[in-house]
Amino acid sequence: MKCTECGTPMRVRKENYRYDESGLTHVTLVGLEIARCPRCDNYEISIPHIEELHRLIAKILIDKSTRFTGEEVRFLRKSLGWSGSDFAKHMGVAEETVSRWENDAAPIGPQADRLLRFLVAQGKLTTSYPTERLKEINLSKATATRLKLATKNEHWTVQAA
Ligand SMILES: [Zn+2]
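Structural notes, computed from the coordinates. (Residues numbered from 1 in each chain as written. Predicted model: local features only at pLDDT ≥ 70, side-chain atom pairs only at ≥ 80, totals over all residues. Heavy atoms only, no water.)

1. Topic: the packing of helix H3 (residues 84-91) against helix H4 (residues 95-102)
Convention followed: Structural elements are reduced to axes, namely lines fitted to C-alpha atoms, with helices fitted over the stretch in contact, and the angle between N-to-C directions of any two is expressed from 0 to 180 degrees. Helix and strand definitions follow DSSP, with helices as H or I runs of at least four residues and strands as E runs of at least two, each counted in order from the N terminus. Relative orientations are named as follows: roughly parallel for angles under 35 degrees, roughly antiparallel for angles over 145 degrees, roughly perpendicular for angles from 65 to 115 degrees, and oblique for any other angle. In what follows, a contact means two residues having at least one pair of non-hydrogen atoms within 4.5 Å. Ten residue types, Ala, Val, Leu, Ile, Met, Phe, Trp, Tyr, Cys and Pro, are classed as nonpolar, four, Asp, Glu, Lys and Arg, as charged, and the remainder, Gly among them, as polar.
With their axes 8 Å apart at the nearest point, H3 and H4 run at an angle of 105° to one another. When the axes of H3 and H4 are compared, the pair comes out roughly perpendicular. Residues Gly-84, Ser-85, Phe-87, Ala-88 and Met-91 of H3 lie in contact with H4, whose contacting residues are Glu-95, Val-98 and Trp-101. When grouped by side-chain class, the residues that make up the contact of H3 with H4 number five nonpolar, two polar and one charged.

2. Focus: the packing of aromatic side chains
Selection criterion: Only rings of Phe, Tyr and Trp enter the pairing, Trp through its six-membered ring, and a pair is recorded when the two centres are within 6.5 Å. The plane angle decides the type: under 30 degrees is stacked, over 60 is edge-to-face, the rest tilted. For the exposure calls, accessible area comes from a 1.4 Å probe over protein chains only, and a residue counts as buried if that area is under 20% of its type's maximum, exposed if over 50%, partly exposed in between.
Scanning the model with the defined rule gives three aromatic pairs in all. Ring plane angle 35° and centroid distance 6.3 Å describe the contact between Trp-82 and Phe-87, whose orientation is recorded as tilted. Residue class for Phe-87 comes out buried when judged on its relative accessible area of 0%. Considering the side-chain rings of Phe-87 and Trp-101, the 6.2 Å spacing of their centres and the 75° angle between planes classify their relative orientation as edge-to-face. Of this pair, Phe-87 sits in helix H3 while Trp-101 sits in helix H4, and the two are 14 residues apart along the sequence.

Take a look at the structure:
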């Protein structure tokens, strides 16, 4: 494979990759194949089984025991395939409210937090959602979820963070 910028042959290596494109700050893909140009700073990544990866991240997020951060709300909303306006309609709130949640300008409320967990669990995930967990959600704080994910036997798995 040649660099699309300068035509130099790219070098492929396995690296740990901070998956910023997910919109989540703390997700690392472990041992991802990355082609880097030795001459300029151009690089190419290809993420295998990306839908499965996103489902896994969504499942981990709805299992967390603290309130969602803004970027997590945005990730989950996108994983449902909804625009901000679609999401506002489904959640029964104003669009500005969605925007405030996603920008950490206002915390997502307890009912909205629960509804979002259900919508994600029902919508795209096959596992049933454990309602017992809803009693344990700590809404007084939002902690970002740190994830290290790697492919093993063609499936995305979580590595100990
Ligand atoms: Zn190059």
